[in-house]
Structure formats: C-alpha cells, structure tokens
Amino acid sequence: MSDQTASETIDTSDAAPVDSPKKQLSGFQKTAIALGPFLVLWFAWWRLGSQKISRTGKYEGDSGALEWLYRTPRTWTVDWFNFAGRDGFASVSYKATGWVNTWFDHLRYEELLQFTVAWHLPKGPWLFILAACLIGTGWMAWRTQSSRWTAGTISLALFGWSANLFDFMQIPPTPWVYVFLVITVAAAIRSLQSREFKWIAATASIGTIGWVALQTNEESFNVKAFFRLVAGWLEFPLDVTEGLLISGYGPWHLPNMPWIFIFALLVGGGGWLAWQRRSATWTISTVLLSWMAAVSLYEPWHIPALPWVVIAGLFGVVGWKLGGWRLALLSTGFILYAAFVGEPAEQVGAETRWDKTMITLSAVLVAVPIAAVLGGFVGLVAAKRRRVEQFLIPLMNLTQAFPHFTFLIPIGVFIGISHKAGVIATIAYAIPPMARVTILGIQGISKEVIEAGIMGGCTRRQMIWKVELPAARQSLLVGVNQVVMECLAMVVIASFVGTAGLGQDLLFRLTGLHIGAGVEIGIAIVVMAITLDRLSQALGQLQPSHHKIDAPFWKRHPYLLASGAVVLGGLLAAQTWEAAHRVPNSWMWGHEGFWEWLVDKGKTDVAWWSLSGGRWLVPLLGVIGFAGWRAWDSRSYRWLITTVSLTLLGWSVKLFDFLHLSSKPWTYVFVACGLTAIIYGYSTLKKLNTTDNEGRTTSGLANSEILQSLRFKVATAVTTIATLGWVALRTTGESFTVNLRDYTISFRDALESWVLLPMRDAYLTIPWVGLVILFGVVGYLINGRRPALLAAGMIAFISLTGFWWQAMWNLYQLTFAVVLAIVFGVPFGIWAATRKRRNAVVQVLLDFFQTFPSFVYLFPAIMFFDVSETAIIVAIVLSASVPAIRYTIFGIQNVPEPLVEASTMAGCTPRQTLWKVKLPMAVPEIMLGINQTIMFGLFMVMIAGLIKTTGLARELIEAQPNIDSGRAIVAGIAVACIGMASDVLISEWADKRKRQLGLIS
Amino acid sequence: MNQPKLVCRNLWKLYGPEPEKFLAAHGGNPSAEIIKEEGYIPAVRNASLEVQEGEILVLMGLSGSGKSTLVRCMSRLIEPTAGEIDFDGQDLRAASERELVELRRHKMGMVFQHFALFPNRTVLENVAFPLEVQGVDRETRQTKALEIIDLVGLHGRGDYYPRELSGGQQQRVGIGRSLAVEPDIWFLDEPFSALDALIRRDMQDEFLRLQSTLQKTIIFITHDFDEAIRLADRIAIMRDGVIDQLGTAEELITNPSSDYVAAFTKNVPKAKLLRVRTLMGPPSSSAKGEVEGDVFVASAANQILHATAPVGVVQDGEVVGSITAAQVTEALFEAG
Ligand SMILES: Nc1ncnc2c1ncn2[C@@H]1O[C@H](COP(=O)(O)OP(=O)(O)OP(=O)(O)O)[C@@H](O)[C@H]1O
Ligand SMILES: [Mg+2]
C-alpha cells in the first residue's frame, strides 16, 4: 500500500520542515499525526471492503452502521444534488431529481423558459409603482446629471416593458419606427456634438420610449430568446471573417445602376482623402473599397473569399513586420500547411482541410478580440475599484480551477448547440486570464506616470484612454497572447457544443479512433497554435522606435505597401489562375496514411531505407573517420558519441554487411578485448589516483589532465571494441528491426495488472472520512485553521456530491501520473538549470511544448499504448512534466546570487552548492511547480476523456449539455474541488516557506 | 503688498482609518504622541506657508518628512485631511473635479523625480500631451511642442522615444512637458535627484536660465542644500510633517530654529552665503575703508582680512556698522 500513498507522503514530508515557533514537532511526528488516522481508517475499511465492499464502492454487507463512514450516505447527498440511483458501474438510471438538475431541466423545456409567464405582473398596482420609481430616478438623473441614474432609469423602463406593463403604449410600427429612429439619431448626433447632459438624456429617453412602445406587440421578454439574441450578435463578426476567409460575401442582389456610381464616388472620395491627408487609414479603406468594387463589377455582386495566396502573403507580411523573416516563414508555413496538406475533398463542394482551418481561424479571430476587450474591461474596472477586485480575484481563481468542459454546460443550455455557442464558451474561458493580466498591468503603472497624467489635466476618461491603457500596453499584449492560447486550447473542446472547424473534425476522428487523420489534424492545430502564439508574443515585444517625421511615405509604411502589393498581386493572380485561388485537389497531399501505418504495423523498421553498398559506404566511412579523428584529437566525448552513432546508422542500413563474422568464436574475442581494456584502464586509473593522493610527485593540474586523458582513452577503446563487435556480429541477423509496439504493449499489460489496477482498487476503497481528516490535519500542520478548514471542506464537498468513487478513480490516476511527472521533471529541471546553454535549449523546448493544446499529448500515448489506462497516464505525465521542469529551473535560478557566491567562497563544490544551498532554497518554487503539475494533470485527466472516459471525466463528458446538465456541473465542481484542495495546501506551504527563507517579505 | 500666489493654512494629511474623524476628535490639532499611539501616519502636520508670485520656494527635509505629500496636497493630487489651500484667491479644496481639471490644464505644471514620461509616446508627443488633452488641434500643438523642445535644448530629438534618451535628456522632456501649458505655478519634486552630479549641475544652470526668462512661481523639492542655495528665494525645512523653519538661506544659517535645521546648514560654505551686513558689529570710529553691506563675505574677505583695522560697512551711502578680520575668520572657520 505504500505506493498508493505516495502523493500524500510527499505532501507531508515536505511539509515537515515547517517549524512553528510555538511547539516544535519533528518531521516524523508530523507525518505520523497526518498519516496515522488516515492509514488506520483506510486499512480498516480496506479489510472490511475485501469482504463486503465491491470494487465500485457499493457496500454489500448489511452493517449499515459502518456504511456512512465508508461512503457518503445517500440521504446526505439527496438533499444537495440528489444523484440517487447512481450505484456504480452497472447502473444507467441516472435519475436526476436534485435541484440543480431540476433547475436545468426547467431551462430545457421551452415552455418553462418563457419567463414571460412569471413576469406578467398585474397592471393596476405595478404600473403605478413603476411609474413612481421611474419619475423618481428620472428626476434624480436630471438633477445630478449622472449617467448612473440615467442608466438606472432606462433599466427600470426596460424591466417594466419586459413584464408587459407598457402594453397600452403599443403603436403601429410602420410610420413610427422611422419617426423614432430619425429623432433618436438626430438627438444622438446633437449630444455627440455638444456633450451636454440634456441631449444625452433626450437621446436615451426617446430611444427607450421608442423601444418600449414599438416592441410591445412582440412576444415580450423571454430569457432563452434573450440569450440567443445576444449570442446572435456574434454572428455578424463571424460572418465577416468567414466571408473573408472562406465563403465570400453575397450574392448581393443589388440593382446595377446606382451602385456603379456609388462605388465610383466612394472610391474617388476615399482616394482623394487618402491623398490629401496622407492617411494610412484612408488608403486602406480605399484599397478595400476598390477591391469590393472591382470584384463586384467583374462578377456581379458576389465577392469571393480571399484566395489562399493572399492569405499566405498577408500572414507573411504580418510575421515579417512583427518578428522578421523567421516569423514570416513560420506564418506562411502555417498557411501553406493548411492549404496543401490533407485529403482532397471527395465531392465537389465538400469541406476540405483548408476550409476547416479557416473556420477555426475565423473563430479565433473573432473570439480573441472580444475576449480581450471584455477581459480588459473587467480588469480595468477591477484595477480601479478595490471592492470589485476583492470580489473578482477569488471568482477568477475558482473559474480557473474548473475544467474546460464546465464552461460548455450553461452555454449549451442557454444558447443551444451551435457554432457560436462554442465560440462563446471559448470567449468565456479566455476572459479571466485577460482580466488578471490587465489588473496587474494597470496596477503596475508607475504612480508618477499616473500623476503626470492627472497634472496634464486629463479627465477620467482621458486618463484611461491616453495614459493608463497605453502605459499598460506591454502587459495587455501579454494578456492577448494568453487569450490566443486559451482560445486554441478550447478549439477541440468547444466542438462538444457544436463549433465547426478543425476541432470538430478532430473530435470525430478521435472518437472514431482514426488516429492517422487525428494526428494530421492535430498537427494542423498545433502549427496554428504555434504561429498565432509567436505572432502575438512578437506583438507584445514590439517596441516603437523613431523614424524621421518627414521621411517619404513608402519609408514610413513599408509593411502597409507590402500588404497592398500582396493583396493586389494575389487577387490578380487568382483572377487569371484558378490554382492561385483555391489549391486544386491534385496538389493536396495527405500524410495520414503514414501515421496509420505507424500505429497499425507498430513497427519502426529502420531497415526499410536500407542503402546499397559502395556508393554510400565511402562517404560514410569518410564521415566516421573525420568524427573519430575529431574525437581523438579534441578528447571530446561528444564527437565520440557522434562517431559511434554514425557507425550504428551505417550498420542499420546494412552498409557493413561485408564485415560479417561468424558469431561463435568472435563473440568471445570481442568480449575478451573489451574486458581487457576495461581492466587495464581501471588499474592504471587507480594507480594514478593513489600516487596523486600520496606523493603529489607531479603537479596536481598535470596529474588531473593525465587522468582525464586516460579516462578518455579507456572510454574510446571500450566503445570502439563494442561498436565494432556489434556491427560485425549483428550483420547476420535480420538487421535492425525494432518492433517498439510489442515492447510498449507488453509493458502496458504488466504495468496495468501489477500496479495500476491494484492501485485503483485500493483508491476506490479510500474512506471519505479518512481523506477529509488527512487533508484537514495536513492543512492544520501547514498553517493553522484556515487551510485546514478549506482543504477538508473541499474534500468533504466531493463526497457530498455523490461522486466519491469517481473522484477517487481520477485521484489515483492523478497521483500516479503526478508522481511520475515529478520523478522525471524535477531531476530534469535540476539538470537543465546547471548549465546556461542547456537551460537555453530546454527553455525553447518548453516554450514549444507549452503552445500545444493539451489533447496533442494523447497521440503518442495512443500510438504506443492503445486506448487504455496506461495511455491516459502517459498523456498526463507528458503534459504535466512541463510545469514541473519549468518551475524547478525557475526556482534554482531564482536563488539569490550572493548566497551562491557565499557558498562557493565557503569552499562548496558545485554539487554541494546544489544540494546544500540551491535546492533547499528552490523547494518552495518547486512545490508551486508541483501544484501546477497537479492542475495540468487534472485538466489532462478530463481531456483524456476524449479517448477513454473514467471517473469524473465520464460524468463531465457523457452528460450532454442538454440532457443531464446538472450532473456535468456537479462533476465539474468536484474536479475543481480536488484541484483547489491541493492548491490550498501547497501554495500556503510554499508561501510560508518562502517567507521563512526570506524570498518574499 | 499684492496677493500671494499660493497660500496653505494649517494643512494636515494623516494616513489611517477615517483620519477626518480622528482629527476632529482631537480638536483639529492632535499632538505627535497621540497620532502615533492611535496608529496614524502623519505625513503633513499643520503646515502653513505662502508663496509669492515669481518666487522660488524650496522644500527640504529628510526622506519621509512629508515634502512630496505637501506638494501633492497643494496640487490636490492627494486629498488633504484638513486645512485650506488658496490659489490666486480661489479655494482649491472647494474646487470641483471639473474646475481642477481646468486649473491643471492651464495653471499648474509638475516635474517628477523619475521623469514619469509616457513610454509609448515620442518626445514630441510627450511634450504635446497636455495640449492634446486640452483638445488643441494638431498643427498648433506641434508648433508649440517644437518650440519647447528647442527651449529645453532637445532640438532634433522630437521623434525619439523616451527610452532612446539619457536620464538628463529625459528630465528635459519632463520639464518641457510641464511647461507646455505655460503654467502659473510650477511644482518640481526632486527633479534632479535621479541625475548624476555633473548633469545635475548642468540642469540647475538650465533651470536658472529658464526661470530668468519665464519668471514662474515655483515650489521645488530637493534633498541637496547646495542645490537649494543656488536656486531658492526662500527655503522651508520640514521634519516629520511639520514645517520647522521657513526663511532665506541666510536666515536659516544665522538663526536656525532647531538643531535639526542647524544640522542641515552645517556643511555649507557660509562665507558665500552670509552678507557683510549680517556679520557686522556696531559702527566703529577706528574703521578704515568701507565695504558694501550687501556683498557676500566671501567676496569682501580679501579686503577685510588684509585691513589692519575694522572696516566700515556702508549701506545706501551711510555707514551702518563695522566688521573686523576676526569676525570674518570666525564665520569662515566656524570658530566657537
Ligand atoms: N499612501 C500612503 N499611505 C501611508 N503612508 C504614506 C503614504 N504615502 C506617504 N506616506 C507616509 O507619509 C510620510 C511622508 O511621505 P513623503 O513621500 O511625503 O516623504 P518625502 O519627504 O517626499 O520623502 P522622500 O524624500 O523620500 O521623497 C512618510 O512617512 C510615508 O511613509
Ligand atoms: Mg518625495
């Protein structure tokens, strides 16, 4: 049972060194206090369970007195969410009767959604009351000239309208719509000009009255309809981008005659303005207008989408502007991949990979600005008002602990399954990080700059637009980058509620287990993610630098001109040459077959590229000779390794067949040679070492040099003999054929039957009381009552949701994977942090991995382990190692430089410095990394539900938004609870420890 | 006498919970001990001062003595807890937000210790910022800003970004920006402290040159007594939020009100600051030769030290006293 408690052991043993000044408990005592009751309880119920409790947590015995301790009694959960009837695996009768479900059930039925029924207030008293209120607020608004009171008045009026109070005002729409429109617009223009309150008030009231009076003949207010209406506004930007990228606009059945003139006028006017004012904006508008005009006139009233050449070119120009030619190459590469790679469409008109990529791109292009603006706005308000901030920060922490799926449920309920529902979920998911970054950015502006703005005479609005937002630009752009990444992370998940595009395609392929196509689409998404990530990052790093004010136009706007040229050239090319408009089928190339083959045959049979003798042998021998010479000459192990690898490469492609030796005698010869070399080398080394220690006849430096060189010689001799032996002896065999999958599958089977399944069964018998006590005690030992109550409360909450065994199932996966990720990630991080060069390389790799949407990690897992528990665990380990490594490196590098210098001066070897100084100092940061690892792991467990649903993931994913919403929401809360409980413990501990170490004050 | 430009009367600024109530509860004038006991931070205590038109008033004091807070209260960047501020006879504390914006747009300017330039704007745009905020049209504000850029000696750097400039140049931009609206009163909060000694000297000269043409009313904060002496008409020394002493440099040196003030003036080359008139004794009959009473001791020292007898001191053509070599050496070497 020791391995099952691995994670807990880590928690407590790391928590052990925390000393409270009052009573000193030794680490051992603390561990005992924390783990003791838990283990005793667990063991007791485990024994009990071996007789009476089935694996799925169903209690089969009759001693009901014990049951409540083991499993939250049904009567407890009933009152909360009532998932009565969920008796483990076999049961399918998820009877939803709890209030969460009831509520969502209500929303499900159209007639109940018509809140109008409930709203319909009796006219007599209510109209009177409302009128009184309206007059009161209106008068206040007029007196104080405050926009707040005005807004209040308008909301009151709309409220009355929504409750059908104003029915009597009903007027026929035909003439009145125009009348109201005209008056409102006139008043709006007037108020814009004069900015006087009375005009603003006039606009608002006329508009409101018009709305109220005109809309009463509608069916009045309806919640769901209202949500859909709001969601419908998204359609406009989506239509615009999709039209631009894929579908084109039109056909507009515009009458021919006036429009030619109109276009001519517009283009002429725009061009003239552009020339007059030397204005970039007008130039762009004119170019766009003339494009619209040209295309419309050429192919009347249907404007086709941008041809791929133009899109590729534009991406190139943007990349070039933001980050030089490398980024330009990357961006163009992304578009080219989208255009050329993929199976060609089977029938004419079917969606190709290109179309899907563009749909996803357009969704991202719409979601990113909206999320950024909304998040920025929320952040701005929070940064200005302490109250709002205090309210928002915990809320945002909460939302970020929820798995992505949770965001889909309410949206699916309110808006329904559609493309835009997914886009809205994406936006909702991306808002919190943006808000967070905005808060930090705005609050991080130096106080003096703010004061300078005020002293410059800014009004509040001017402060925001002219001082605060521009000064926080850098962090806002970091936020935009985050938003881009969140949006791409949601691409696949959002397709659960119907978002079209690459994600949906991938989802279908994955659920159909078409790995090859899945990988291909996955690569497309990853390429897109990397491109957009780099582009938005570069945008954030862009620093303005000056150019002469009187420089010629083309010098000031080279990129504008370049994009103009790209657009014009591309359009012309597309007009004359169909292939420039849309990549013809014959040019497309799909590589899904390759991946299928890789998975199906499961063989990485290198011999399939066997090369024929002579011609290749000579250059290879040359290269090997050179590498060997370099190795010998520079005494460099790297070159030695290169030499050996080259030789093995040659062997793998059968170039050394002629060396063929019969194995019998020669094996012994080679082994003997190798042994001799080792023994000889070892003895000389020893001799040298002893003379060094005793006599110091030669100078220390020279001696160590001799030692090193000798070591190298021995290594060379041994490797040469071994390689030669291998090459010469193994040529007889079937050459190099490794069936990787044979190994991985048998590894998987062993792992599952010996470790995973027993561990899972053990976890499923964890008594909830025990776990609650464990978290409570650990929390208390760490930092007193607050974390104890929080952590224990969250765990208790999980048990009250009735999802106990599901949660335990995920907990076991999480424990195992996180421990693996730590065992792998932390030492790797330490290794990487010790050298500058190494660190740089690793950082680049980590950045690269971090841009992957998490589902990507499923592919290698499935390839090698099929769809299985092991695959899930491998995927979790892969994705969760990234933060473990990153934080370890960060922690080690963050150790204050003077400390390191001090320890070096005290005579520590680098190793001692690492173990005695750097690591202890870095432990808090590493623990935070582990915290992140747990979060990543948790999300990955849920995403792994795409291939195999287990535990809570099953509840989340299988509960379709429109069928069993309450279940999914409660499961989401349970997942968040696991994450937050461990977060509370670890971050409290890290905080405390950092304070003790003086890393923060 | 004409009306002072800016008047502060009994200005208070306390940090802590509900400071107004606390102040009122203690009759508007709590002692330092009570303030400390109740856990309030007294940033400014009962400060009163007047600034005349065209005067340079220098605020000095140790770090944390409340100089910045006082100045920020005067410009109402910080809301004072109690007290009155009159600017041109207008009660600043009663001014509405809109009136304040107007005042800042046309009458006040401020220069900051760490320059506080907008990183996203060029030098030109930084300088033109207050005009832009006022809604001045582009042409006008560009011409104006270019003029000012020339004035502060940054000709040709208009299209640079702040981070492309050195510290001294950045502060010139800061000064230029605060001058763009031609303010009546000019607040400078340690404008030269972030600069190294040589550049600081340059900037002081520059500042004096500007002031000689502009004749603004100035409130200037510094840590550096030498700087204060070079620039100030009057100096106010602050301690723990209180204005300890307010007077000319000479007054502070000859007549410090406390050890604290004396400590400030201790290392000052007094001969350069004291006038003969201040040191002289009563008229002496044995006096030979004469010096003007208004000259600094340093410039008259040669004559007095070489004279064998006391030297007569004249003012407006009349003999008002006499001065001996002993008195001069005492002043020079701070004997006694
Ligand atoms: N926002 C604040 N909250 C609490 N105390 C403050 C605040 N701002 C200033 N103080 C306190 O008011 C006192 C005066 O601060 P102020 O900045 O005016 O000092 P200063 O004389 O300008 O010092 P320096 O020369 O270092 O700039 C200090 O003790 C400071 O701690
Ligand atoms: Mg200060």
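Just so we're clear, the structure is a prediction, and the values are computed from it rather than from any experiment.

## As for the site of ligand 1
Residues and elements named next belong to chain B.
Then step 1. Not every one of the 13 residues close to ligand 1 is listed here, only the nearest: S63, G64, K67, S68 and T69.
Then step 2. Contacts to ligand 1 include K67, whose side-chain N or O atom sits 2.8 Å from an oxygen atom.
Then step 3. The side chain of S68 places a nitrogen or oxygen atom 2.5 Å from an oxygen atom of ligand 1.
Then step 4. Starting from 630 Å² of accessible surface for ligand 1 in isolation, the protein chains cover 63%.
Then step 5. Looking at the shell around ligand 1, the element that brings in the most residues is helix α3 (residues 67–74), giving three residues.
Then step 6. The residue inventory of the shell around ligand 1, partitioned by class, reads four nonpolar, seven polar and two charged.

## Considerations on unusual backbone geometry
Residues and elements named next belong to chain B.
Then step 1. Here the phi dihedral of A116 falls at roughly 55°; this positive angle occurs in a residue that is not glycine.
Then step 2. Although it is not a glycine, D240 adopts a positive phi angle of roughly 45°.
Then step 3. On the secondary structure map, D240 appears in the loop between β9 (234–239) and β10 (242–247).
Then step 4. On the basis of relative accessibility, which here comes to 49%, the residue D240 falls in the partly exposed class.

## Focus on the interface of chain A and chain B
Then step 1. Each side of the interface is counted separately: chain A has 24 residues, and chain B has 30 residues.
Then step 2. Where chain A abuts chain B, roughly 2400 Å² becomes buried across the two surfaces, and 59% of that area is made up of carbon and sulfur atoms.
Then step 3. There are three salt bridges connecting chain A and chain B.
Then step 4. For E132 of chain B, the salt bridge is made with K466 of chain A, and the minimal N-O distance between the two is 2.6 Å.
Then step 5. Counting the contacts that link chain A with chain B gives eight residue pairs in polar contact (both at pLDDT 80 or more).
Then step 6. Secondary structure elements with two or more residues in the side of chain A that touches chain B: α21 (447–455) and α22 (460–471) of chain A.

## Some details on helix α23 (residues 473–493) of chain A
Then step 1. For α23 of chain A, built from 21 residues, the straight-helix expectation of 30 Å at 1.5 Å per residue is met to within 8% by its first-to-last C-alpha distance of 30 Å.
Then step 2. The buried count for α23 of chain A comes to 16 of 21 residues, which makes it a mostly enclosed element.

## Section: the pairing of strand β12 (residues 311–315) of chain B
Residues and elements named next belong to chain B.
Then step 1. The buried fraction of β12 is high, at five of five residues.
Then step 2. Across the two faces of β12 the burial is the same, with V311, V313 and Q315 and G312 and V314 all buried.
Then step 3. Sheet analysis places strand β11 (residues 290–292) next to β12, joined by three bridges and oriented parallel. Residue pairing in the sheet places E292 in a bridge with V314 of β12.
Then step 4. Read from β11 through helix α13 (residues 297–306) to β12, the crossover connection turns out right-handed.
Then step 5. Bridging between β12 and strand β13 (residues 318–323) involves five bridges; their strand directions are antiparallel. In the strand pairing of β13, V313 is matched with G321.
Then step 6. As consecutive antiparallel partners, β12 and β13 are separated by two residues, and within that stretch D316 has a phi angle of approximately 50°, a positive value.

## Points about the sheet that holds β12 of chain B
Residues and elements named next belong to chain B.
Then step 1. Reading across from one edge, β11-β12-β13 is the order of the three strands in this open sheet, with mixed pairing throughout. Two strands bound the open sheet, and with one partner strand each, they are β11 and β13. In this sheet, neighbouring strand axes are inclined to one another by 40° on average, regardless of whether the strands run parallel or antiparallel.
Then step 2. Along the sheet, α13 contacts β11, β12 and β13; its crossing angle with β11, the most-contacted strand, is approximately 170°.

## What about the nonpolar core?
Grouped burial of nonpolar side chains is what soluble globular proteins tend to show.
Then step 1. Counting 230 residues, the largest nonpolar core has L771, F855, L858 and L952 of chain A together with L70, F187 and I219 of chain B as the members making the most contacts within it.
Then step 2. In this structure, A145, L154, A180 and V313 of chain B belong to the second largest nonpolar core, which totals 57 residues.

## Focus on the packing of helix α18 (residues 386–401) of chain A against helix α20 (residues 419–443) of chain A
Geometrically, a packed helix pair is captured by the angle between its two axes and the distance between the axes.
Residues and elements named next belong to chain A.
Then step 1. Across the interface, α18 lies against α20 with an axial gap of 10 Å and an inter-helix angle of 140°. Between α18 and α20, the interaxial angle falls into the category oblique. α20 is crossed by α18, and the crossing has left-handed handedness. Contacts from E389, I393, M396, N397, T399 and Q400 of α18 reach α20 at P432, P433, A435, R436, I439 and Q443.

## Looking at helix α43 (residues 951–958) of chain A
Then step 1. The element α43 of chain A is extensively covered by neighbouring structure, given that six of its eight residues are classed as buried.
Then step 2. Every buried residue of α43 of chain A is listed here: G951, L952, A953, E955, L956 and I957 of chain A.

## Section: the confidence of the model for chain A
Residue and element names in this part refer to chain A.
Then step 1. Within chain A, residue pLDDT values average 76, and 77% of them lie at 70 or more.
Then step 2. In the predicted structure, residues 1–22 sits below a pLDDT of 50 and forms 42 contacts with residues beyond four places in sequence or in another chain.
Then step 3. Low pLDDT, under 50, characterises residues 78–98; the predicted model gives this stretch 47 contacts beyond four residues in sequence or across chains.

Cut-offs used in this document
- Residues numbered from 1 in each chain as written.
- Chains lettered and ligands numbered in written order.
- Predicted model: local features only at pLDDT ≥ 70, side-chain atom pairs only at ≥ 80, totals over all residues.
- Heavy atoms only, no water.
- Near = heavy atom within 4 Å.
- Polar contact = N/O pair within 3.5 Å; in protein donor to acceptor, adjacent residues only side chain to side chain.
- Areas by Shrake-Rupley, 256 points an atom, 1.4 Å probe, with all protein chains shown as cover.
- Helix = DSSP H or I, 4+ residues; strand = E, 2+ residues; numbered from the N terminus.
- Nonpolar A, V, L, I, M, F, W, Y, C, P; charged D, E, K, R; others polar.
- Buried < 20%, exposed > 50% of the residue type's maximum accessible area, 1.4 Å probe, protein only.
- Contact = heavy atoms within 4.5 Å.
- Buried area = accessible area lost by both parts, 1.4 Å probe.
- Salt bridge = Lys/Arg side-chain N within 4 Å of Asp/Glu carboxyl O.
- Expected span 1.5 Å × (residues − 1).
- Pairing = 2+ DSSP bridges.
- Right-handed = clockwise from strand over helix to strand, strands pointing away.
- Axes fitted to C-alpha atoms, helices over the stretch in contact; angles between N-to-C directions.
- Core = buried A, V, L, I, M, F, W, Y, C linked by side-chain atoms within 4.5 Å.
- Parallel < 35°, antiparallel > 145°, perpendicular 65-115°, else oblique.
- Left-handed = near helix turned anticlockwise from the far one by under 90°.
- pLDDT = per-residue confidence, 0-100.

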